[in-house]
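Take a look at the letters that make up each chain.
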Amino acid sequence: MSSRTISTEAVPSSVLHASLSIDPPNIVRAQGHYLHTSTGTAIYDASNGAAVSCIGHNHPRVKLAMQQQLDAVEYCFAPHFTTPAYEKLAKFLVDSTNGKMQKVFVTGSGSEAIEATIKMARQYYVEKGELQRTKFIARDRSYHGNTFGALDVSGHKARRTIYEPMLGGNTSHISPCYPYRDLRWGETTPQYVERLAQELEDEFQRVGPETVCGVVFETMAGLTLGAVASVPGYLKKMKEVCERHGALFILDEVFAGMGRTGSLHAWEQEDVIPDLQTVAKGLGAGYVPIGALMVGKKVVDVLDRGTKAFVHFQTYHGHPLACAAAYEVQQVIQDQGLVENCKRMGEYLGEALRARLGAHPNVGDIRGRGLAWAIELVKDRNTKEPFPVKQKVAPTIHAAGLQKFEIAVLPGGGVVDGVNGDLVVLAPAYDVNREEVDLIVHRAAKSIEHVLGPTTVAAKL
Ligand SMILES: Cc1ncc(COP(=O)(O)O)c(C=O)c1O
C-alpha cells in the first residue's frame, strides 16, 4: 500500500479555527435561512454569520450572475482596466446616494475599505497642502476591522490589547453614543448630545484641531457595542464639530449599511451626509468577499484639481466576480422590496423580543433598528453590573443555541469596558417573515434561559 493512502480515521483539522481545542460544526450545505451540518442538523441562521447573508443562502439569481461573469471575465487588474461589472456596481452605489457620493473603490472586505478610507482622508489633506493632518478621532468600543490601520481606529480593548504596542497610535477615542449606560439620571437627549459634542470638541482641542484628518463613527454601532442606534440629533451635532475644525466626517457602514437598518444607507435616517463612507457586509451578502469605499464630492473635487490619482491599490480591488455578485444581490434587494421588509420585520422582532424576554432578570436592555438587534445581559438589572468575562455567558449561550436549539446567534463581549459585558446579537436575513421571527425569538430565548434560567420577574423592559 502506498505510504500516501488517506486514513479514514478522524484526523485533527489543519484549519486554524477560532479555537485550537474546539471543532466548529461542519456546514456542508446552506439553503435559504438554514445552515446544514455534516451530522444532519439544520441550524437557523439568525445572525447571517456576522450580519452578512442578508438575502439568504444559495440564491439562484446571484449564482446565475456569477456564472455569467465567470464566462465573461473572471479577473483583470483594476489599476489598468475596468469592467462592465465594476462600472455597474459603482454607478448603482453612486445613484443610491443621489450623487452625494461620487466615486467608489471596491475592496475585498470591510477592513480593507477602512484602510482605503484612512489613506483617502490622508491624501485629501496632502493634496490640500495640510500635511500636518495625520490623526483620527473614533469611539471607544467601536470596531472598524482587524487589519492594523483599521484596528488602530477601532476602540475595542479586547481586540487591540496584545497588538497595542504595534499600532500606529494615530487615533484617539471618545465615548460612544450609548444611552443605556451613559445617559445620566434626569438628563434629556439634547443635553446628552450636547455633552457628547463637547467631548468631541475637547478632544479636537487636546490633540490639536489642525492635526485631525477625520472623525470615524459607525452610523449605528454594530457587533461590539451591540446594535446601538444613534440618539436623534447626535450625528448631526458631531458633524458640526468636525466641520468647525475642517476635518472629514467619515461613516463606517460596513455593518449598518446596504439596508440592514431599514434604509439603504443608515445615514439617510440621521439627517447627515458623510464625506467618506464604507459599506461591506450586506453589499455582497456573503456570496463574495467585498467591501467598498464611497467618496463624497468634496474629496473627489480636491483629488480632481490635484494629482487625479488615489495613491492606493490592491491586486484584487474591483474584482469583477465580486462586483457582479454584489450588483445582483442589490437588484434582488430592490426588486423584492427587502429594505422595507427589513424595517417592518425589524419592528416586529423588537416587539417580540421585548414581550418574550423583557422580564428576564438578566436582560438589561433590548435594542436595535431594522434587522439588527441586541440583548444586553447583566448580572443585576438594577445596578447594570455585567457578568465577569470569565463566566463566558454570551459564548455559552451561543454554544447552547448551536448544540441544543438549532439557532446561530452572535455572541458579543466587552460592551461595558471593552472586556466585560455580554451581548446576544440577532441579524436575520432581510426576507424573513413573521413566522420566522417568532421562531428566532423562541429559540434565542430558549438558548438564553438554558444558560441563565427562566424568565420570572414581573417587570418588563
Ligand atoms: C462596522 C464595521 N467595520 C469594519 C468591519 C470589518 O469588516 P471585515 O470583517 O469585512 O474586514 C466590521 C466587521 O464586523 C464592522 O462591523
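How each quantity is defined
Residues numbered from 1 in each chain as written. Predicted model: local features only at pLDDT ≥ 70, side-chain atom pairs only at ≥ 80, totals over all residues. Heavy atoms only, no water. Near = heavy atom within 4 Å. Polar contact = N/O pair within 3.5 Å; in protein donor to acceptor, adjacent residues only side chain to side chain. Areas by Shrake-Rupley, 256 points an atom, 1.4 Å probe, with all protein chains shown as cover. Nonpolar A, V, L, I, M, F, W, Y, C, P; charged D, E, K, R; others polar. Axes fitted to C-alpha atoms, helices over the stretch in contact; angles between N-to-C directions. Helix = DSSP H or I, 4+ residues; strand = E, 2+ residues; numbered from the N terminus. Parallel < 35°, antiparallel > 145°, perpendicular 65-115°, else oblique. Left-handed = near helix turned anticlockwise from the far one by under 90°. Contact = heavy atoms within 4.5 Å. Salt bridge = Lys/Arg side-chain N within 4 Å of Asp/Glu carboxyl O. Buried < 20%, exposed > 50% of the residue type's maximum accessible area, 1.4 Å probe, protein only.

Considering the site of the ligand
Around the ligand sit S109, G110, S111, Y143, H144, G145, E218, L223, D252, V254, F255 and K281, and those are all the residues in its vicinity. The contact in question runs from an oxygen atom of the ligand to an N or O atom on the side chain of K281, over 2.9 Å. When the ligand sits alone it has 390 Å² of accessible area, and the protein chains cover 84% of it. Its residues placed into classes, the shell around the ligand shows 4 nonpolar, 5 polar and 3 charged.

With respect to the packing of helix α2 (residues 60-72) against helix α12 (residues 320-335)
At a minimum axis separation of 9 Å, α2 and α12 run at an interaxial angle of 150°. Put simply, α2 runs roughly antiparallel to α12. Viewed along their axes, α2 and α12 form a crossing whose handedness is right-handed. Across the interface between the two elements, R61, V62, A65, M66, Q69 and L70 from α2 touch P320, L321, A324, A325, E328, V329, Q331, V332 and D335 from α12. When the residues that make up the contact of α2 with α12 are grouped by side-chain class, the tally is 10 nonpolar, 2 polar and 3 charged.

Some details on the pattern of salt bridges
Using the criterion set out here, one finds 24 salt bridges in the structure. Of the charged contacts in the structure, one is a salt bridge between R133 and E130, with a shortest N-O distance of 2.7 Å. The class of R133 is buried, set by a relative accessible area of 6%. Among the ionic pairs, D304 bridges to K308, the shortest N-O distance being 3.5 Å. A relative accessible area of 46% places D304 in the partly exposed class. Each member of the salt-bridge network shares a partner with another, and the members are R181, D365, R367 and E376.

Comments concerning the side chain of H317
As for its placement among the helices and strands, H317 is situated in the loop between α11 (297-305) and α12. Here Q314 takes part through its backbone nitrogen, which lies 3.1 Å from a polar atom of the side chain of H317. For H317, the residues in contact, after removing those within four places along its chain, are A78, P79, Y86, F105 and V106.

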